[in-house]
Amino acid sequence: MRISKGALLIVIAFIAPLIVELRTVLAWVNVELTVLESVVLGIGLIGVILVWALWPQSQSNGTESAETK
């Protein structure tokens, strides 16, 4: 796991107000976003974040750290 469970929960909780405010900002530039589109966008963002967080980190064999020294 790339991020702790607590931090992942905080990031996911931050998505809801972000999506609501995104609708408001887009309304200023005459882009109408329906509630259903907002929900789909929010679920998509949460899905991408979960895939990134749960994707296993690459295991280096130690040569990378030796090269950087």
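Everything discussed here concerns the structure shown above.
Residues numbered from 1 in each chain as written. Predicted model: local features only at pLDDT ≥ 70, side-chain atom pairs only at ≥ 80, totals over all residues. Heavy atoms only, no water.

## Notes on the overall build of the protein chain
Helix and strand counts for the protein chain stand at three helices and zero strands. Per-residue burial for the protein chain yields a buried fraction of 12% across its 69 residues. Excluding contacts between residues fewer than 6 apart, the proportion of contacts in the protein chain whose partners are at least 24 apart in sequence is 66%. Split by element, the accessible area of the protein chain, about 5600 Å² in all, is 69% carbon and sulfur. (Helix = DSSP H or I, 4+ residues; strand = E, 2+ residues; numbered from the N terminus. Buried < 20%, exposed > 50% of the residue type's maximum accessible area, 1.4 Å probe, protein only. Contact = heavy atoms within 4.5 Å. Areas by Shrake-Rupley, 256 points an atom, 1.4 Å probe, with all protein chains shown as cover.)

## Comments concerning the nonpolar core
Within the largest apolar cluster, five residues are counted, these being L8, I15, I19, I49 and A53. Those elements that provide at least two residues to this core are α1 (5-28) and α2 (35-54). Considering each element in turn, this core owes the most residues, three residues, to α1. With sequence-adjacent residues up to four places away left out, A53 is seen in contact with M1, R2, I3 and L8. (Core = buried A, V, L, I, M, F, W, Y, C linked by side-chain atoms within 4.5 Å.)

## Details of unusual backbone geometry
In terms of backbone geometry, most residues other than glycine have negative phi values and most peptide bonds are trans. In the Ramachandran plot, N30 falls in the positive-phi region, its phi being about 60° despite a non-glycine side chain. Within the secondary structure layout, N30 lies in the loop between α1 and α2. A relative accessible area of 68% places N30 in the exposed class.

## A word on the side chain of S38
With respect to the helices, strands and loops of the structure, S38 is situated in helix α2. Aside from chain neighbours lying at most four places away, what touches S38 is I19, R23 and L33.

## Some details on α2
End to end, α2 covers 28 Å across 20 residues, agreeing with the expected 28 Å (1.5 Å per residue, within 8%). Of all the positions in α2, only S38, G42, I49 and A53 are classed as buried. The buried side chains of α2 occupy one side of the element, clustering within an arc of 40° when seen end-on. Exposed residues pointing more than 90 degrees away from the buried face of α2 are listed as L36, V40, I43, V48, V51 and L54. Tucked into the core, α2 has its buried residues touching α1. (Expected span 1.5 Å × (residues − 1). Arc of directions from axis to C-beta.)

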